[in-house]
Amino acid sequence: MVKLTENEFQTISGYVRMHYGINLEKKQFLIESKLWIELARCKADNYTDYWQKVRMDHTGEMEQRMIDLLTTNYTYFCREEAHFSFLMNQILPKLDQNSGGMLNIWCAACATGQECYTLAMYLLDCQNMGKLTMPFRILGSDISEKALKAAEKGRYGSGDYARLLPHWKGNYCGAFAGGEFEIKQKVKDQIRFQKHNLLTPLPSGGMFQVIFCRNVLIYFREQERSQLVKLICQSLKPGGYLFTSFSETLQGCSNMPLEYIQPAVYRRTGGQADEKKKDKNPDYRRFQTVSGVHDQNTGLR
Ligand SMILES: C[S@@+](CC[C@H](N)C(=O)[O-])C[C@H]1O[C@@H](n2cnc3c(N)ncnc32)[C@H](O)[C@@H]1O
């Protein structure tokens, strides 16, 4: 395996952090073990040579391959299940379901799609039970094109099959055969996948009632995390909910229009509920510093 020099390591990790937010500070070995195959593929003798080729490639394909290799796309169905229960039991009953509107959910950093499909299958269940009467749409986005291709296919193996709720297997998934199964079209129809870098504003500028942004903040340092959360807030409707992972913290994200609700759940301030609270209590603080509230309540750092 070809070793990175300190200079090469700083160049590549600095670029990835600046453009994608991913902190590879202590990941020299990871970069070497993932990128050395690329060296052979593009006939580069060392990483300086490789990096020049990446920068000269105006199609962007080499950079995309690098990002596909350097991102961690690990995910699974029903991950951190408590969030889905919160959505169904706490958020759906509060929606104005007779407004004729649509429930819009953004799954930011969705990797290979299991999070989006989990959401869709839970919500289809809710529609069948009459708990959700309005239509819903899910946007799944990620920076890895390779992961998004897998998400669009919606074909998974035995480990994923084992994590499905039993009744989902017949209702929303095809038969398990040849070591894999496929998500049915009626579930796929609820989801749109799109490449998107979370350090940039969402081009479609949608406004979402719910945003899942889980298990991605851990790869960012404070500065980029703050930038990301600020942008996410711009796409979250007042009164809407943001879910992070239980292992993540919003520390350093000060002065965000977010109210801490419970571990890994935040609410965008400024909705109707806030107006009512404000009317009753003039001292009500509309904009709270989430980091202070978060740490005080969870002890997370
Ligand atoms: C560990 S996966 C999380 C998947 C899923 N959200 C979950 O909780 O299971 C992290 C994902 O974040 C994506 N990611 C990392 N940096 C990103 C960025 N700047 N913009 C968008 N996605 C990013 C990676 O490509 C990867 O698929």
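Numbering of residues starts from 1 in every chain and runs along the sequence as written. Owing to the predicted nature of the model, reporting of local features is limited to residues with pLDDT of at least 70; listing and counting of side-chain atom pairs is limited to 80 or more, with chain, interface and lining totals taken over all residues.

S.K.: For this particular structure, what's the right way to read unusual backbone geometry?
M.R.: Peptide bonds are, in most cases, trans, and in most cases residues other than glycine have a negative phi. With phi around 55°, K43 is a residue other than glycine that occupies positive phi space. Counting from the N terminus, the helices are DSSP H or I runs at least four residues long and the strands are E runs at least two residues long. Mapped onto the fold, K43 is located in the loop between α2 (28-41) and α3 (47-56). Positive phi values are uncommon outside glycine, yet N215 reaches one of about 60°.

S.K.: Help me understand the packing of α2 against helix α4 (residues 61-70), please; the structure alone is not making it clear to me.
M.R.: The geometry of a pair of packed helices is captured by two quantities: the angle between their axes and the separation between those axes. Orientation of α2 relative to α4, taken along the N-to-C sense of each, is 145°, at an axis distance of 9 Å. Of the two elements, α2 crosses α4, and the hand of that crossing is right-handed. Only R65, M66, L69 and L70 of α4 make contact with α2, whose side of the interface consists of I31, K34, L35 and E38. Under the convention adopted here, Pro, Cys and the residues Ala, Val, Leu, Ile, Met, Phe, Trp and Tyr are nonpolar, Asp, Glu, Lys and Arg are charged, and Gly plus all remaining residues are polar. Here the residues of the contact of α2 with α4 are counted per class, giving 5 nonpolar, no polar and 3 charged. The axes are straight lines fitted to the C-alpha atoms, using for helices just the contacting stretch, and the angles between their N-to-C directions are given from 0 to 180°. By convention the crossing between two helices is left-handed if the near helix lies anticlockwise of the far one by an angle smaller than a right angle, and right-handed if it lies clockwise. The contact criterion used is a C-beta to C-beta distance within 7 Å, with each C-beta placed from the backbone.

S.K.: Please explain the site of the ligand as it appears in this structure.
M.R.: Taken together, the neighbourhood of the ligand is formed by 25 residues, with T71, T75, A109, A111 and N215 sitting nearest. Of the residues belonging to the shell around the ligand, the class tally is 12 nonpolar, 9 polar and 4 charged. Only the C-beta atom matters for nearness: placed from the backbone, it must lie within 6 Å of the molecule or strand for the residue to count as near.

S.K.: Looking at this model, I keep getting lost on the sheet that holds strand β6 (residues 208-212). Mind explaining?
M.R.: By definition, the strands of a sheet pair up through backbone hydrogen bonds, in either a parallel or an antiparallel sense. Paired strands are those between which DSSP finds at least two bridges. Across the sheet, 7 strands lie side by side as β5-β2-β1-β6-β7-β9-β8; this open sheet has mixed pairing. Looking along the sheet, the strands with just one partner apiece sit at the ends: β5 (191-195) and β8 (258-262). Neighbour to neighbour, the strand axes of the sheet diverge by 20° on average, direction disregarded. The strands that helix α7 (residues 145-153) touches are β2 (136-142) and β5; relative to β5, the one it contacts most, it runs at about 165°.

S.K.: Sorry, what's going on with the packing of helix α1 (residues 6-20) against α3 here?
M.R.: At a minimum axis separation of 10 Å, α1 and α3 run at an interaxial angle of 25°. Between α1 and α3, the angle falls in the class roughly parallel. The interaxial crossing formed by α1 with α3 has left-handed handedness. Residue-level inspection shows E8, T11 and I12 of α1 in contact with α3, the latter providing Y47, T48 and W51. Taken together, the residues that form the contact of α1 with α3 break down as 3 nonpolar, 2 polar and 1 charged. In these notes the angle categories are as follows: under 35 degrees is roughly parallel, over 145 is roughly antiparallel, 65 to 115 is roughly perpendicular, and the rest is oblique.

Take it as geometry only, folks, not as evidence of what the structure does.
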